[in-house]
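Residues per chain are reported as follows:
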Amino acid sequence: MNSDETGRAQSQVAAVILAAGLGTRMKSRIPKELQPLAGRPVIDYVLRAIQPLAPLQTIVVLSPAKAGLAERLPPECEVAWQHEPLGTGHAAAQALPLLRPEVRQVVILFGDHPLLSPDTVKELVDTAVQTRALVTLLTALVDDPAGYGRLRREGGRIVGVIEAKEDDSRYDGPVEINSGISCYRRDWLEEALPQVPRSAVGEYYLTSLVAMAASASEPDPPVVSVVASPDVAHGVNDRVELAAAEAIIRRRINERLMRAGVAIVDPATTFIDDTVEIAPDARIEPFTTISGASVIGEGARIGPQAILRDARVGPESEVLASVIEESEIGARVHVGPFTHLRPGTRVADDVHIGNYVEMKNTVVGSGTHVGHVSYLGDAELGRDVNIGAGTITANYDGRDKHRTVIGDSAFIGVDTMLRAPVTVGPGARTGAGAVVLRDVAPGETVAGVPARPLPRRTQDAGER
């Protein structure tokens, strides 16, 4: 095959993902392919592994009992339905009628194998194209073959796959196992798959194709293998296997980030989702969890003991032992310890938020200082505002939420309670323990319960 033919064959691939199994061992109402794994559903890792192939088609084989999974697939995925659970060979056969005429190679994967890498899938297909093999297997060398099928060779040639329950051999060294992931020449697959024999338990196994191909009279090697890391064979069938896969993926995430310039002090106690973006020179301290669509800026310091979900943290900011949810923090901001920023909070640059502060749906202007022990809900703070300890915006009247607006350079005294809706004008001040029920004019000082304006001479004396 010349280079032009090779290039065309590499671009004429269909990916068939088998995901019809009910996954009852997971003990969950959620299909195993949709179980969360480091921030993504399990099947997303499989779909990502085939992206470099740019397949002409992606066909997912499902059981009608998993119709909900079909609704969660990307729009480019086609669905083939396996109405009876008759084995992997039968499942693959359901995809054949959907294949486009121009497809020349069919790569078959499993929706519950999230540890497959794009490079490995590409090597599998490249080998299939270059060797013109009828069947190309993705295999791995392991010390303990456990429940995996083992490759059977004669004179070095692959002649079949022995199922674990049929193999009583004793092994002194590594064993080559079949991962189940494989690639087939489309013309041969369409002829061979309907001829797969039914097993003793009434199912049709995809592995039967290996022996069928080995017996074919072909000028090229009928069956070849690509040896990959044992991780590729790791399927997720129960919670134990899911946790094992998550440990591997999280290790990969941390290693990728560290190689990109992120300082992770203790990877063993740091949990970062695959969906998170972290800039170089950020520092992640121990016992920190960063999840969702979080983005961490250059030089930021997160942790120790921080929890961030869908959070954006600007350059050179610090989040110490605090919880940040669906919130945005600007540059050079200090948060914590023991602070909680709840959804909808937006903090501008050069802000200090100290101990035991809670904010919800609140906007904070640049240079503002919120020292400690305060609740600011549904509030809007201007620039250079000082919030004294114990300040509360009472935003809920028992039926509706209301906003509090505090203008630039306002000074809110300790233990101030602001009953929303209320506005404190720019440069205004509240005395310690004030209960503010009405708007405060710009530059005005109020104090008392309820808060009332102080006479101007009292304000002047206080300023002196």
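Residues numbered from 1 in each chain as written. Predicted model: local features only at pLDDT ≥ 70, side-chain atom pairs only at ≥ 80, totals over all residues. Heavy atoms only, no water.

Caption draft 1: Summary view of the overall build of the protein chain. If you tally the helices and strands in the protein chain, you get nine helices and 40 strands. Computed over the C-alpha atoms, the radius of gyration of the protein chain is 31 Å, more than 25% above the 23 Å expected from 2.2 N^0.38 for a compact globule of 464 residues. The principal-axis extent of the C-alpha atoms belonging to the protein chain is close to 105 × 45 × 40 Å. Taken across its 464 residues, the protein chain has 50% of its residues classed as buried. Excluding contacts between residues fewer than 6 apart, the proportion of contacts in the protein chain whose partners are at least 24 apart in sequence is 41%. Only carbon and sulfur atoms are counted for the fraction: they give 50% of the accessible area of the protein chain, which is about 21,200 Å². The average position of the 47 basic charges and that of the 60 acidic charges among the side chains of the protein chain differ by 5 Å. (Helix = DSSP H or I, 4+ residues; strand = E, 2+ residues; numbered from the N terminus. Rg over C-alpha atoms; globule rule 2.2 N^0.38 Å. Buried < 20%, exposed > 50% of the residue type's maximum accessible area, 1.4 Å probe, protein only. Contact = heavy atoms within 4.5 Å. Areas by Shrake-Rupley, 256 points an atom, 1.4 Å probe, with all protein chains shown as cover. Lys, Arg positive; Asp, Glu negative; His and termini not counted. Charge placed at Lys NZ, Arg CZ, Asp CG, Glu CD.)

Caption draft 2: Region of the structure containing helix α5 (residues 118-131). Here α5 contains 14 residues, and its C-alpha end-to-end distance of 20 Å stays within 8% of the 20 Å for a straight helix at 1.5 Å per residue. The complete set of buried residues in α5 reads T120, V121, L124, V125, D126, T127, A128 and V129. (Expected span 1.5 Å × (residues − 1).)

Caption draft 3: Region of the structure containing unusual backbone geometry. Between G303 and P304 the backbone carries a cis peptide bond, its omega angle lying at 5°. Tracing the sequence through the fold places P304 in the loop between β18 (301-302) and β19 (307-309). Of the consecutive residues A420 and P421, the connecting peptide bond is found in the cis state with omega at 0°. By the element assignment, P421 lies in the loop between β35 (417-419) and β36 (422-424). Of note in this structure, A146 is not a glycine but carries a positive phi near 50°. Position of A146 relative to the elements: it lies in the loop between β7 (135-142) and β8 (150-154). A positive phi is found at D350, a non-glycine position, where the angle reads about 60°. With respect to the element layout, D350 can be found in the loop between β26 (346-347) and β27 (352-360).

Caption draft 4: Region of interest: the domain arrangement of the protein chain. What the domain assignment lists for the protein chain is domain 1 (3-233) and domain 2 (262-453). Look at where the C-alpha atoms of domain 1 and domain 2 centre, and you get two points 51 Å apart. (Domains from an automatic or database assignment.)

Caption draft 5: Broad picture of the sheet that holds β26. With parallel pairing, nine strands are arranged side by side in an open sheet as β14-β17-β20-β23-β26-β28-β30-β33-β36. Taken across any chain shown, the strands that pair with only one partner, and hence form the sheet edges, are β14 (277-278) and β36. By the bridge criterion, two bridges tie strand β20 (residues 312-313) to strand β23 (residues 328-329) in an arrangement that is parallel. Bridge pairing links R312 to E328 in β23. (Pairing = 2+ DSSP bridges.)

Caption draft 6: Highlighting helix α8 (residues 239-259). Between its first and last C-alpha, α8 extends 30 Å over 21 residues, near the 30 Å set by a 1.5 Å rise per residue. Along α8, the residues that are buried comprise L242, A245, E246, I248, I249, R250, I253, N254 and L257. Tucked inside the fold, the buried residues of α8 contact β2 (36-37), α2 (42-49), β12 (263-264), β13 (270-272) and β14. Two or three places before V240, at the start of α8, stands the capping residue D238, its side-chain oxygen 3.1 Å from that residue's backbone nitrogen. The positive-phi residue at the C-terminal boundary of α8 is G261, with phi of around 105°. (Polar contact = N/O pair within 3.5 Å; in protein donor to acceptor, adjacent residues only side chain to side chain.)

Caption draft 7: Summary view of the environment of A379. Mapped onto the fold, A379 is located in strand β30 (residues 379-381). Sequence separation between A379 and V405 is 26 residues; the distance between their C-alpha atoms is 5.8 Å.

Caption draft 8: Examining the packing of aromatic side chains more closely. Under the defined criterion, the tally for this structure stands at one aromatic pair. The ring of Y396 is capped by K401, whose NZ or CZ atom sits 5.6 Å from the centre of that ring. In this structure, R429 is placed above the aromatic ring of F411, and the distance from its NZ or CZ to the ring centre is 4.7 Å. (Phe/Tyr/Trp six-rings, centres within 6.5 Å; stacked < 30°, edge-to-face > 60°. Lys NZ or Arg CZ within 6 Å of the ring centre and 35° of its normal.)

Caption draft 9: A look at the UniProt feature "domain: MobA-like NTP transferase" (unreviewed entry) in the protein chain. Under the feature "domain: MobA-like NTP transferase" (unreviewed entry), the UniProt entry names residues 15-137. In this annotation, residues 15-137 is assigned 28% helix and 23% strand; the end-to-end C-alpha distance for the span is 15 Å. (UniProt positions renumbered as here; feature names shortened; annotations may be inferred.)

Caption draft 10: Geometry of the environment of G390. Tracing the chain through its elements places G390 in the loop between β31 (386-387) and β32 (392-394). Placed 43 residues apart in sequence, G390 and G433 show a C-alpha to C-alpha distance of 8.9 Å. With residues near it in sequence (within four places) discarded, G390 still touches H372, V373, S374, D415 and T416.

Caption draft 11: Focus on the nonpolar core. Counting 64 residues, the largest nonpolar core has V107, L109, V135 and L209 as the members making the most contacts within it. Top element by residues in this core is strand β1 (residues 13-18). It accounts for six residues. Sequence-distant contacts of V135, that is, excluding residues within four places in its chain, are made with C183, Y184, W188, L209, V210, A213, P222, V223 and V224. Membership of the second largest hydrophobic core comes to 58 residues, among which are V313, L381, V385 and A434. (Core = buried A, V, L, I, M, F, W, Y, C linked by side-chain atoms within 4.5 Å.)

Caption draft 12: Region of interest: a nonpolar patch on the surface. A cluster of nonpolar side chains, F338, Y356 and V373, forms an exposed patch at the surface whose accessible area comes to about 320 Å². With respect to the helices and strands, F338 occurs in the loop between β24 (334-335) and β25 (340-341). The exposure class of F338 is partly exposed, given its relative accessible area of 45%. (Patch = residues over 30% accessible without salt bridge, like charges linked within 9 Å, V, L, I, M, F, W, Y side chains within 5 Å. Salt bridge = Lys/Arg side-chain N within 4 Å of Asp/Glu carboxyl O.)

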